[in-house]
Amino acid sequence: MDLALLRKCQRTKPNKERDDSWEVACLSLKDVLRKHRGEESAGILATAPILLKRLSSHSTIVFTHKGDHLVGYSKRKILVYSFLLDTVISHSQDHHVTCLAAHPNRDSLATGNSIGEILIWYNFGNPLEAPVKSKLHWHAHQVNDLHFTSSGANLFSVGIEGVVVSWHVESRKKHFIPRLGGSIQRVTTNPLDDLIVITLNSNIIKFLSVRNNKVERILGGLYRAYLEHIGKNGVLTGLVRSPMNECIALNSSLGHIQFYHPAKQELMMEVNATNLNYVSQADNKPLVPTVISFVTFSSDGQWMATVESRDDEVTTPELRMKVWQFKAEIQTYELNSLMDPPHYSPITSLSSRPGGGSYLFVSTASDGHFKLWTTETAKDNRQRWYCQAESYYLKEVAIGSAFSQDGSLLAVVYNSVSLYAPLNHFVCIVHLRIIDEKDESFCVGNSATSYKGDIAGV
C-alpha cells in the first residue's frame, strides 16, 4: 500500500511574489518499515514527487476506488494524476470547484461548484477522450462538501442552507434533512451508514440518525451567536440561569436557545424556539431573521418563556411570546402556549415570579402596558397560559420589571417605579419618585420594605 503526503511549497515567481502550491509525494509503507528496522530501502520518497499544478489551498485530494488515480482541483479544473500513465490529466468546467468526493466502488467522481451544482464524472482518467458528466442541482449557493455512502448508492451534499441533501445517484431522487441550525461545512457517515456526522460553521458537531432524521447527539462548546444583518453580537437574552439543570441559557444559532453547563463545560441542550428553517442569504445580502430577545424560567424550571421578534422595516413587524413546558421523558422543552402578538409594541422586559404557588410571568412593552400571564386548566385537563391582567401608568413607557424574592411584590419601571401586589388582585401599592432615565438596573428585596438597585434615591 502507498500513502499520499501533502507538503506545502513556497514557490518564487519572477516578480518575487510568493505563490502557494502543493506538492504531493508518494510514500511507500514498505520502505518506511524497512528504514525503521534499519534495512536498506529505496528511500522514503522512492518515486518522483507528483506535482498537481496549482491545487487550490483548500482542495481535497482523493484516491479512486482502485487507487490508480489521485484527484484534486484548482479553480474551474479537476486535476487527475494517473499512476499508470505518470501524467496529470486536466478537465475544465464552467464554475469554480468547491468540493470533491470519489465513489467507493466504481470509477466516478462527484464535484460541487460555486453555484450549487453537483457534477458526477465518468471516464475522467482517459486523456484521449472527454469525460462523461451528469448534473444534480438543488443548492442555491456553493456546495461545501460531498460524501458517498459506503455502498455508493447515495451521495450527501451540504452547504450554507443548513440542509443535508441525500441523493440517490441512479434515480436522481433527493431527500432532505432540514433545520440543522446553520451553515454546514463538512459531512460524513459512520461505516454502517446509519449515522450522519456534520460540522457547522459555529464549530459544532452534530450526529444525525438516518432512520428518523433527528439529531442524536451534539458535541461542542458554546455556539457563536452573531447577527449578520446588523454585524453585532447576538446574545440578546443575556445570561439566564436555568433552575432545571443548573445551566446558563442564552442565544445560540439563529432562533435557538442553548443550555451550557459552566462546571462541566459542556453544551447540555438546545431548543429551536422559532421552529423556522435556517434561511441563507440572497445575493450576498444578509436577511433579517427572527431573533430571540428574552428568555426566563419559572422558579422550578418547569416552564420557560421566550420572546421572539422580527422587523425588517419593510413588512409588518412580528412579535410572539411562547411558553414552553419541560418534558422529563424527552429531556427538553416542548411548546405549550403561543401568544401572537402578546403586545402591540416592542417588548422591553420579561420576568418570572419566584417562589412557590402560582406560576406568573410579566411582560412590559414600549407602549407603557404590562401584562401578567398565568396558567389555567383547559377542557382537555392540560395547563394553558393566558393573560390574567393588564395595566399601565399614565402614558409612560415601561422599561423593565422585577419581582421581590418571595414573589409578593412586583416593580414596574417607567420614569417612576410602581409597586404592585400580584397575588392581591394586582393592587398598586405605591408610585415612587421620578428616576434618572439612564438607570435601568434594579431589583426588589425579600420583604415589602426592602428595595435596592441602581435607581438613586429609592
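As a reminder, the structure under discussion sits directly above these lines.
Small disclaimer: the values here were computed from a predicted structure and weren't measured.

K.L.:
I'm lost on the sheet that holds strand β35 (residues 417–421) in this one. Help?
P.N.:
Strand-to-strand pairing in sheets goes through backbone hydrogen bonds, with the strands running parallel or antiparallel. One open sheet accounts for 4 strands, arranged β33-β34-β35-β36; its pairing is antiparallel. Each end of this open sheet is capped by a strand with a single partner; those strands are β33 (400–403) and β36 (427–432). Sheet twist, expressed as the average angle between the axes of neighbouring strands with direction ignored, equals 20°. Alignment of β33 against strand β34 (residues 410–413), held across 4 bridges, turns out to be antiparallel. Directly across from Gly-400, in β34, lies its bridge partner Val-413.

K.L.:
Is there a simple way to explain the nonpolar core in this structure?
P.N.:
Note on soluble globular proteins: their nonpolar side chains tend to be buried together. Core analysis: the largest hydrophobic core is formed by 15 residues, its most contacted members being Ile-257, Phe-259, Val-271, Phe-297, Met-304, Trp-324 and Tyr-333. Within the residue set of this core, elements represented by two or more residues are β22 (247–251), β23 (256–261), β24 (266–272), β25 (291–297) and β27 (318–327). No other element matches the 3 residues that β25 contributes to this core.

K.L.:
What is the right way to read the pattern of salt bridges from this model?
P.N.:
Opposite charge on two side chains permits them to pair, given that their charged atoms come into close proximity. For the structure shown, the criterion picks out 8 salt bridges. For the salt bridge of Arg-106 with Glu-170, the shortest nitrogen-to-oxygen distance reads 3.0 Å. Pair noted here: Arg-106 is in the loop between β7 (97–102) and β8 (108–113) and Glu-170 is in the loop between β13 (164–168) and β14 (174–177), with a separation of 64 residues, a long-range link. Connected through shared salt-bridge partners, Glu-308, Glu-318, Arg-320 and Lys-322 make up one network.

K.L.:
What is the right way to read unusual backbone geometry from this model?
P.N.:
The bulk of non-glycine residues show a negative phi, and the bulk of peptide bonds are trans. Cis geometry marks the peptide bond from Asp-340 to Pro-341, where omega comes out at -5°. Along the chain, Pro-341 falls in the loop between β28 (332–339) and β29 (347–352). One non-glycine residue, Arg-172, lies in positive phi territory at about 70°. Along the chain, Arg-172 turns up in the loop between β13 and β14. Unlike most non-glycine residues, Asn-213 shows phi in positive territory, near 65°.

K.L.:
Where do I start with the pairing of strand β9 (residues 117–122) in this structure?
P.N.:
A regular strand places its side chains on the two faces of the sheet in alternate fashion. In terms of residue burial, β9 counts as a mostly covered element, since 5 of its 6 residues are buried. Pairing analysis gives 5 bridges linking β8 to β9, with the strands arranged antiparallel. Residue pairing for β9: Ala-110 is matched across the bridge by Ile-120. Alignment of β9 against strand β10 (residues 132–137), held across 6 bridges, turns out to be antiparallel. In the strand pairing of β10, Ile-118 is matched with Leu-136.

K.L.:
Can you help me understand the layout of surface pockets in this one?
P.N.:
Empty pockets left among the atoms are what a rolling probe the size of a water molecule brings to light. Volume-wise, the largest pocket comes out at about 1200 Å³. Around the largest pocket, the lining comprises 34 residues; the ones closest to its centre are Val-215, Ile-218, Met-269, Glu-270 and Thr-332. Counting only elements with at least two residues in the lining of the largest pocket, the list comes to β18 (215–219), β24, β27 and β28. In terms of residue count, β24 provides more of the lining of the largest pocket than any other element does, 7 residues in total.

Cut-offs used in this document
- Residues numbered from 1 in each chain as written.
- Predicted model: local features only at pLDDT ≥ 70, side-chain atom pairs only at ≥ 80, totals over all residues.
- Heavy atoms only, no water.
- Pairing = 2+ DSSP bridges.
- Helix = DSSP H or I, 4+ residues; strand = E, 2+ residues; numbered from the N terminus.
- Axes fitted to C-alpha atoms, helices over the stretch in contact; angles between N-to-C directions.
- Core = buried A, V, L, I, M, F, W, Y, C linked by side-chain atoms within 4.5 Å.
- Buried < 20%, exposed > 50% of the residue type's maximum accessible area, 1.4 Å probe, protein only.
- Salt bridge = Lys/Arg side-chain N within 4 Å of Asp/Glu carboxyl O.
- 1 Å grid on protein atoms, 1.4 Å probe; cavity = no way out; pocket = protein on both sides within 12 Å on 5 of 7 lines; lining within 4 Å.
- Points joined across faces, edges and corners; volume = space filled by probe spheres on them.

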